[in-house]
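A closer look at the structure
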Amino acid sequence: MATAVNSTGVLPDTTPALEPILHYVSASLSYVYHSFLSIPGSSIVIRYVRSSYQNDPFRTVLEVILLLFALRTIFQSRTRADRSTKNYVQLSESEIDELVDDWIPEPLVTPLTPAEQAQLNALPIISGAAGPKPKLASTGKTVLNLASYNFAGLANNEHIKEQAVGALRKYGVGSCGPPGFYGTIDVHMQLEQDLANFLGTESAIIYSQAFSTASSVIPAFCKRGDIIVADRGVSFAIQKGIQISRSIVRWYDHNDLDSLEEVLIGVEKEMKKKRAPLTRRFIVTEGIFENDGQMVDLPKLIELKEKFKYRLLLDESISFGSVGRTGRGLTELYNVPATHIDMLLGSMATGLNAAGGFCAGSRVVTEHQRINGTSFVYSASMPALLAVGASEAIGVLRDNPGCLRELVENVRVVRGVLDRLECIEVPSHPASPLIHIYVRSGPSQGSTLEVPTLAARKGGKSKTTSLEPAEPVTFDIETEERLLQDVVDEALAQGVLISRVKRLRGQEASEPRPSIKLAVSAGLTRKEVEKAAGIIRAALLKVLGRRR
Amino acid sequence: MALPLSSSGSGGLFKLSKKSSQRTLTPSSAAEYLASLKAADDDALAREQARSHSPTPARDVVHASAVNYAPSIASTPALSFASTAPSSLSSPTTYAATLEEDDDPLVYPDNPPTSNDPPPSALHSEFGYCNNEEYRYTSSYRDGTSLFPQHQDPPMTILLATYISYLFLIAIGHMRDFFGKRFWPGYYKHLMSAAGYAALNSDFDSFYTRRLKLRIEDCFARPVTGVPGRTILMYNRVSPDFNVSFKLTGQLTRALNVSSYNYLGFAQATGGVADAAEESIRRYGLSALGPRLEAGTQDLHTAAEALVARFLGVEDAAVISMGFATNSTTLPALVSRGCLVLSDEYNHASIRTGVRLSGASVRLFKHNDMASLEQILRESISQGQPRTHRPWKKILVVVEGLYSMEGTFVDLPALMTLKKRYKFYLYVDEAHSIGAIGPHGRGVCDYFGIDPTEVDILMGTFTKSFGAAGGYIAGKKVLIDKLRTINHAFAYAEAVSPPVLTQLTAAMASIMGVAPPLLTPVGAINTQSTALIPYSHPGPAPAAILPSWMHLPPALLSGVEGNTRLRRLAFNSRYLSQGLRKLGFIIYGHRDSPIVPLLIYNPGKMPVFSRLMLAANTYPGAVPFVVVIVAYPATPLITSRVRFCMSASHTKADVDRLLRACDRVGDLLDLKHGCPKHERWTVDEVIDRAVELVHMD
Ligand SMILES: Cc1ncc(COP(=O)(O)O)c(C=O)c1O
């Protein structure tokens, strides 16, 4: 095959001095070519190479390179030391010994800072079942819980627990193998089917941890050279997925679809100018943002995605199981068929109070991940009893729309209290059961009912290649975190468990603003929610009020 | 040129698109979408109703036989089966299938207990009954045994045939694509750019999957049901379209399971550990409802972490809900730009993901080759960072305790020597070795007799020996506390689920034994095996760590059963590894490794091996086996292999069966290229001299 390529290859222009040599080369090549032709069947090979050359010249080149590369890898060890670079300094053995003796590594980790130590010490430990009214190990007191994800109130559902016990008695706990090697249990297939039916997609694939889902799905599809257009406010898991993918990334202003459109137009122009070949293009964003509870305008997003021919990867980790009539998420809320979303991600740990995450989409999309999703392929499948728990939770949601109606009521109660407070800002969408609370900076301005964006655009344009918004909101992390922690402590003393959002300062792509996170639950009655909201309000007023 | 493979079928060969078994949902309007959702809901509801009226047949059959076999057991409370068959076992699955096994040799022990013996503590199909104290061995490193047996090379002819096979497969694959694209363009639609969208997966990228892997797809991702214990129930399936899609036939096959990572046999639906897990579901539900750093920390988490630390003999430990994520979220918290990671070339994908996320520079060293590592260390330390020559901030060497594809143990003694000289930090991933090896099951440190506190970071998973899920990271308290605040999983990932925590806590406690023993074991335990080796090593589990509601049966509390499991696993591993070598196969890895890779080389032989083992017709009285075959890219191109995972749940008779089956298949497929003919033993000789073989070096 390589011979045939040479014989049809184009010789470059050369200087006359080389002519005799070239003459010889071309003569011998033509000899090789003709003797090759005399081999029976050679014409088919040539035709194959020619036509594949025509429809994709790079391919033939690539195949040859691949062959050479394969040979190289066979003959050359991956692990050989690299001495070829110009930068290499030749050293004698004794010099090396000396350098080795002199080298002092930094400590493996820096000791805990006082703030980190305080944070660990303040961590609530729940004794017994987690749920709407858990008992704290430290005080033995029962508290109202607005910190745990239990949106639809499925935690400790007796029916689900019974079914999980049944599964335990049939399957044991662990699956003891990755899905490819006898770790595909019938309940996993059932859960995938249940998810697909619930969302109305062709199929679904499950991962054994929600956090690892996005960071596995994104690099499974987005390769080097592909284009990702992503929201500046995406969650940590998505940031990591984008980081591994090594694709070209363009950022648009947080939850601002006009900015998205500008970026899409910009990318289109850029690609036209570069005459770049068609590559895979993705819009990556979240349904309800984990980082601040804002909600994306799905119909508009889909309109844009279809106009510009992008694939949409929508992470519904928060919105699945919490919004819509039966908890199907944003697609249900906006009445948009889930089939318009190419990759719909969700969390069964958050939405179904079980464990793991999923990606729903077409069969092509899910089958691809069964081979290319790293944390799917290289990790043991989910324990069967948790898969059964998730399946049963879907059944409960589907058959009892009432629980989400209660959730909507409870969210309204909490927002009713928070939105009247001057000392805080609430960036979250009014319908979001995940409510973030910022400390209001400076004198109060405008109504809190208006949903402020992370990067309030005031004319300035942000650079699409950078995560920095044009006019970043400035805040003092340390002070705000301290104030919020005081609020959390105060609320806990009054019997309400809430949590400050724990960030990985220094590891985030851009530092999110400190916030308190309320996860409203249908597991609490309206009365209890009113009481809890009142206590939170009092705590906020007490701590933030005394600031001024 | 002829198309040799097209004889096997007509257009079917070119089929690529997965045929959807259900109606495809491509609604054009929201109303249609809602209608289809409603239809799906109604379906589900109907299914549920049908389900609650008819219990699963499969379960009934299995249990009927179990109860028949051990009617007397019900009277011994600690070993009671009473809880194993809840009356309303309405299985959540609609994958109803039948299993006929009235006389299945896998369900009954070959040497059933006599009236003098203690009754078996588990279902034979989950955990085999094997009471012969001869079939035990203690896994520990013996000075002088060569750690790394030289890999034998196969004859040149085999290598050549392997390369030619791949070339042939690739050539045919391209030819099929060439014609396929012209005559069956529909099947290539999703691989081509269409309507302004680039293909999600181009024909080029997916070539290997479509044209090589697809041919042997029936050997992968076989659906199963029940416990992945000593035996496993596999759904029989057929493919109407050359492995593009599969249909379940509605029949189950019970096969001997030599594939699951169930090293200590704790994958059980019955017994003390499962009872504890059931109790915890009732007490705690299924979820901790959030990340650890918010409100997802329960008393169970702190208890499990204390126990893991105690088990390993280090100061502190942290548990994370997925083994993969334990690596991929911890490594970026430890190293960053300006740091160097030296990673074994065969390290797991999770380590590679973690290193890539960290932004640190990375260099690979040859698998388990300490000379290569030392050379790279000398070079890296002396040269410093590329271009600037600034000294590296930290150097982290990442290795696995037991390599999952190779069956080799890390050369820990040599590594510790290097560590002293070169001052690097050491990260040992003990996913496969923890619980499985060492005289006390504490992993490679225990095996080599090295103080675990000398290793900076110990990582491991619970998915293997403990029959649970998730992973841990352990070391000094300052390190673990810091990791709790900077590890991604602690801030953002769901915490480990309570029943999973209970499973791992109970399994770990029963390996350690619980001190002080809360109950004096009487009668129920074989007195012979109570002669426990008194060890002080990391010691038994203090009863105070365990949740107060957890009541383990005496055999688990005393550590007798855990110890027996360890010694059974060590015996089985060594027996299989040595036996296969004596039969003439090329076997990689160390003799004490429960992972036993048998080299196949030729890609064409892989599926045949797998199918023959499953077909159970290799010799009269053969039983079906499910085996794992691995090839490129999980292994180097030519060294395709079968990987057996031994378990404490296997009996000697099970290993005998496996050896017999391999012996036959090995002859059929010409796989015996290990030791010369005159040194080989016959399979009968291997089986008869098993104990001698195990104690041989
Ligand atoms: C060395 C190693 N590390 C980590 C893992 C991942 O563990 P888990 O399956 O629990 O995600 C595996 C699993 O195969 C492994 O072999």
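Named according to an unreviewed UniProt entry, chain B is serine C-palmitoyltransferase originating from Calocera viscosa. The UniProt entry for chain B carries the following text under Cofactor (unreviewed entry): "pyridoxal 5'-phosphate".

Per an unreviewed UniProt entry, chain A carries the name serine C-palmitoyltransferase and comes from Calocera viscosa. Reading the Cofactor (unreviewed entry) entry of the UniProt record for chain A gives the comment "pyridoxal 5'-phosphate".

Comments concerning the sheet that holds strand 9 (residues 457–461) of chain B
Backbone-to-backbone hydrogen bonds pair the strands of a sheet. The strands run either parallel or antiparallel. All names here are of chain B. Ordered in space as 4-10-9-8-7-5-6, the seven strands form an open sheet in which the pairing is mixed. In this open sheet, the two edge strands, each paired with only one partner strand, are strand 4 (316–320) and strand 6 (361–365). Averaged over all adjacent pairs, the angle separating strand axes in this sheet is 20°, with direction ignored. The strands touched by helix 12 (residues 477–486) within the sheet are strand 4, strand 9 and strand 10 (471–475), with strand 4 carrying the most contacts at an inclination of about 30°.

Observations concerning the UniProt feature "domain: Aminotransferase class I/classII large" (unreviewed entry) in chain B
Residues and elements named next belong to chain B. As annotated in UniProt, the feature "domain: Aminotransferase class I/classII large" (unreviewed entry) corresponds to residues 256–505 and 561–661 in the numbering used here. The straight-line gap between the two end C-alpha atoms of residues 256–505 is 27 Å; of that span, 41% is helix and 15% is strand. Split by type, residues 561–661 is 44% helix and 15% strand. Its first and last C-alpha atoms lie 30 Å apart.

Focus: the nonpolar core
One finds B:L580, B:L598, B:F609 and B:F644 to be the most contacted residues of the largest nonpolar core, which totals 254 residues. For this core, the leading source of residues is helix 18 (residues 384–399) of chain A, giving 10 residues. Contacts of B:L580, omitting those with residues within four sequence positions, involve B:F585, B:I587, B:V596, B:L598, B:F644, B:L659 and B:C662. Core analysis: the next-biggest nonpolar cluster, separate from the first, contains 62 residues, A:F221, A:L467, A:L504 and B:A360 among them.

A closer look at the site of the ligand
Near the ligand lie 16 residues; those nearest to it are A:S379, A:A380, B:F324, B:D429 and B:K464. Here an oxygen atom of the ligand sits 2.7 Å away from a polar atom, N or O, in the main chain of A:A380. In this structure, B:H348 approaches the ligand through a side-chain N or O atom, which is 3.4 Å from an oxygen atom. Contact with the protein chains covers 97% of the free accessible surface of the ligand, which is 390 Å².

Quick notes on the pattern of salt bridges
For the coordinates displayed, the defined rule picks out 59 salt bridges over all chains. Here A:E490 ties to A:K542 by a salt bridge, and the two come within 3.1 Å at their closest N and O atoms. Here A:K542 lies in helix 21 (residues 526–545) and A:E490 lies in helix 20 (residues 477–493), a separation of 52 residues in the sequence. The class of A:K542 is partly exposed, set by a relative accessible area of 46%. One network of salt bridges, in which partners are shared, links B:R292, B:E305, B:D316, B:K477, B:D481 and B:R484.

Things to note about the environment of B:H678
Residue and element names in this part refer to chain B. Of note, H678 is situated in the loop between helix 19 (652–669) and helix 20 (683–688). When its relative accessible area of 67% is taken as the criterion, H678 is described as exposed. Each C-alpha atom of the pair H678 and G584 lies 9.9 Å from the other, and the pair is 94 residues apart in sequence.

Some thoughts on the interface of chain A and chain B
Counting from both sides, the interface comprises 154 residues of chain A and, opposite them, 163 residues of chain B. Together, A:W103, A:R169 and A:Y182 form the three largest contributors to the area buried by chain A at its contact with chain B, with a combined 8%. Inspection of the chain A/chain B interface yields nine salt bridges. Between B:R378 and A:E93 there is a salt bridge; the shortest N-O distance is 2.9 Å. A per-element tally of the side of chain A that touches chain B places helix 7 (residues 158–171) of chain A first, with 11 residues. Tallied by class, residues from the side of chain A that touches chain B come to 73 nonpolar, 43 polar and 38 charged.

Calculation criteria
Residues numbered from 1 in each chain as written. Chains lettered and ligands numbered in written order. Predicted model: local features only at pLDDT ≥ 70, side-chain atom pairs only at ≥ 80, totals over all residues. Heavy atoms only, no water. UniProt positions renumbered as here; feature names shortened; annotations may be inferred. Pairing = 2+ DSSP bridges. Helix = DSSP H or I, 4+ residues; strand = E, 2+ residues; numbered from the N terminus. Axes fitted to C-alpha atoms, helices over the stretch in contact; angles between N-to-C directions. Contact = heavy atoms within 4.5 Å. Core = buried A, V, L, I, M, F, W, Y, C linked by side-chain atoms within 4.5 Å. Buried < 20%, exposed > 50% of the residue type's maximum accessible area, 1.4 Å probe, protein only. Near = heavy atom within 4 Å. Polar contact = N/O pair within 3.5 Å; in protein donor to acceptor, adjacent residues only side chain to side chain. Areas by Shrake-Rupley, 256 points an atom, 1.4 Å probe, with all protein chains shown as cover. Salt bridge = Lys/Arg side-chain N within 4 Å of Asp/Glu carboxyl O. Buried area = accessible area lost by both parts, 1.4 Å probe. Nonpolar A, V, L, I, M, F, W, Y, C, P; charged D, E, K, R; others polar.

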